[in-house]
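# Coordinate analysis (summary)
As a plain string of letters, each chain reads:
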Amino acid sequence: MTLAERAPRRAGKRRTRGSRRGEGTAGWLFTLPVVVILGLFLLVPVLMALWVSFSDWSGRGSPLAPGVGFIGLGNYGEILTEGGLATRNLGISMRNVGWYVLLVVPLQTALALFLAVLVNRAILRGRGVFRTAFYFPSVTSSVAITVLWLFLFSTTGVVNEVLSWVGIGGPNWFNDPRGIVHIGLSVFGVDSGPATMTGSDVLGVSWWDWLAGPSVGMSAFILMAIFTTSGTFMLLFIAALQNIGPELGEAGMMDGANAWQRFRRITLPQLRPTLFTVLTLGLIGCWQVFDQIYTGTQGAPGKTTMTPAYLSYQAAFADQKWGQGAAISFILFLIIVFFTLLQRLLLREKGGRS
Amino acid sequence: MRRARWLAPAGLYALLAALAVIYVFPFLVQVSTSFKTDAEAAGNAVSLLPQTFTVAAYERLFLHSDFPLWFANSAIVTIAVTLGRVFFDSLAGYALARLRFRGRGLVFALIVGVMAVPTVVLLIPKFLVLNQLGIYNSYAGMILPLLVDAAGVFIMKNFFESIPTAVEEQARIDGAGTFRVFWSIVLPMARPALITIIILSFQGSWNELSHFIVATQSPELTTLTKGVASLASGQLSQGTQYPIKLAAAALMTIPVAVLFFIFQRRIMNRSEGAVKE
């Protein structure tokens, strides 16, 4: 629209509001359903859960009933500092999800970028077929994929069978609670940690156990997450790559930069915004992992696939400890907010993008 | 130089093909295993051709389990949610993009704000509110909370802001009311964005699990995700029974797979708009 067109409309608006009398009412009527539903099922619930996390509500009747007491930080204290079973469970679930995030986020991002670069080669014919193949796992539901994964990684499943072709005896995946770092150390004869690490603990879990790594069972979930999300993120990277003109790359080629240098120095910096999006989405998704655990293992073996999201659900719905469950979910919320902000800070600073 | 140029694509294709096999093979195994006997599924997991071809798993699912009921429930919820989102998201998106009204900034802030709330925080509170409202364990409780989504409103708002206002202005001058303008002029122009909403909400509600876990209890209201998850953890069956589980997982993938192949081109490109911001 040109300025000339726009000007009279603005002037008209200032002069006679009356010509658009119905607009205010219409605006509210049009947005009302969204406001009511989001308010009722997103805003009110969060406030209500915040209250429950500070209360001793037992799950009977309404949490807003007069008999329900305010116990301040009681629930938070019990799961964070008291050192009992609740604290230990939280510690274990944080250990598990921490390793999950640490491995899934970088690996899925790297794989997605790798796939995108491969598929994006301009000369490549049949690129649609490859793109479809890599993206397809992303459309299926987490439940269906988990069911498939339980089969693939069963004791006599596909993965172990393929491993046996090259002479490797595969583990008993979803029944193996050993941490992979501990397994790696035991190869060198280290079977127990130094007293300094086994003696002291954080959230009821000793330092030695924090460093156990994801269990073999959790590793299967890690592989699954990478498998299902890399396709989605690949699409984001492909879109970004297509927006980058070939000029800079060609200039780099003239200057004698090799393929890796061109990628590292020319392509990657231009992908920074997309990289930020992918890392953020990856982080948010990983911290909340729930569906897979609910469908597949319910936290087994030996609580090593227990995640905070599942723990929160279990504390509330199975153990009727609603306050604790709500408190866990808010702790998780704060962690997600913290990491999103931290990452924004780091990526923005380094890039020098204003 | 020439040799390198010829070699590079061959290597590239080999690498891509190998990766594609890794990505596709699990789904082929899934389908073939669903036609195997229990013993064969456990004994010979890798082979893609069943030695004894049987449809016993499908027979069991369709004739002797609640699977058809789960499917129907998922279909009801998905259709209702998709229709609701198409209508309400575009209505709100249009108002936020075009109509000037007091409190518009506030409404927009609410929508952006709730987009930032991670779903896992909502598990317990959603149950509390549904319970309080008396719609726990009902279709209303399953559908209503999903009926609009902030991201959809956002997409529609962005779309409406990108199309020229001239046609609407003309219709207004001709005396059409705000809803008339929206319904018969603006909405038909919004087809590309609406298809995006349809894809996202169909896939989202068909694959939704956690909301149905906290919103329902009775077997009559079980959806596919919840039902198949219960199959996975071994209800309804003794032993491993992989063919039944994998058949159920394969069947529940079909609708989203069909949607995916119909709108493939659009899905593959939708991310473009999202990243350009």
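Residues numbered from 1 in each chain as written. Chains lettered and ligands numbered in written order. Predicted model: local features only at pLDDT ≥ 70, side-chain atom pairs only at ≥ 80, totals over all residues.

## Section: the overall build of chain A
Test applied: Here a strand is any run of E in DSSP of at least two residues, a helix any run of H or I of at least four, and the numbering for each starts at the N terminus. Two things to know: the radius of gyration comes from C-alpha atoms, and the globule rule equals 2.2 Å times the number of residues to the power 0.38. Residues with at least 20 other C-beta atoms within 10 Å of their own are called buried, those with 12 or fewer are called exposed, and the rest are partly exposed. The C-beta atoms themselves are positioned from the backbone. Any two residues are considered in contact once their C-beta atoms, placed from the backbone, lie within 7 Å.
If you tally the helices and strands in chain A, you get 17 helices and two strands. For 354 residues, the compact-globule formula gives about 20 Å, and the C-alpha radius of gyration of chain A, at 26 Å, lies well above that figure. Referenced to the eigenvectors of the C-alpha coordinate spread, the extents of chain A come out at roughly 80 × 75 × 40 Å. Every one of the 354 residues in chain A was classed for burial, and the buried ones make up 42%. Long-range pairs, those at least 24 residues apart, make up 70% of the contacts in chain A with a sequence separation of at least 6.

## Digging into the UniProt feature "transmembrane region" (unreviewed entry) in chain A
Residues and elements named next belong to chain A. What counts here: UniProt positions are given in the numbering used here, feature names are shortened, and annotations may be inferred rather than shown by experiment.
Residues annotated in UniProt with the feature "transmembrane region" (unreviewed entry) correspond here to residues 27–54, 97–120, 132–152, 216–241, 271–290 and 326–347. For residues 132–152, helix accounts for 90% and strand for 0%, while the C-alpha atoms at its two ends are 22 Å apart. Within the segment residues 271–290, helix and strand shares are 80% and 0% respectively, and the terminal C-alpha atoms sit 30 Å apart.

## Here's the deal with the domain arrangement of chain B
Residues and elements named next belong to chain B. What counts is decided by this rule: The domain limits used here are those given by an automatic or database domain assignment.
According to the domain assignment, chain B consists of domain 1 (2–54) and domain 2 (65–276). Here domain 1 and domain 2 have C-alpha centroids that lie 34 Å from each other. Listed by partner, the interface residues are eight residues for domain 1 and nine residues for domain 2. Elements with a minimum of two residues in the side of domain 1 that touches domain 2: α1 (2–34) and α2 (38–43).

## Brief notes about the interface of chain B and chain A
Often, the extent of an interface is quoted as the loss of accessible area on bringing the components together. Note the threshold: Three categories are distinguished: nonpolar for Ala, Val, Leu, Ile, Met, Phe, Trp, Tyr, Cys and Pro, charged for Asp, Glu, Lys and Arg, and polar for the others, with Gly belonging to the last.
On the chain A side, the residues contacting the 76 residues of chain B number 80 residues. Per element, the largest residue contribution to the side of chain B that touches chain A is eleven residues, and it comes from α1 of chain B. Residue composition of the side of chain B that touches chain A, by class: 55 nonpolar, 15 polar and six charged.

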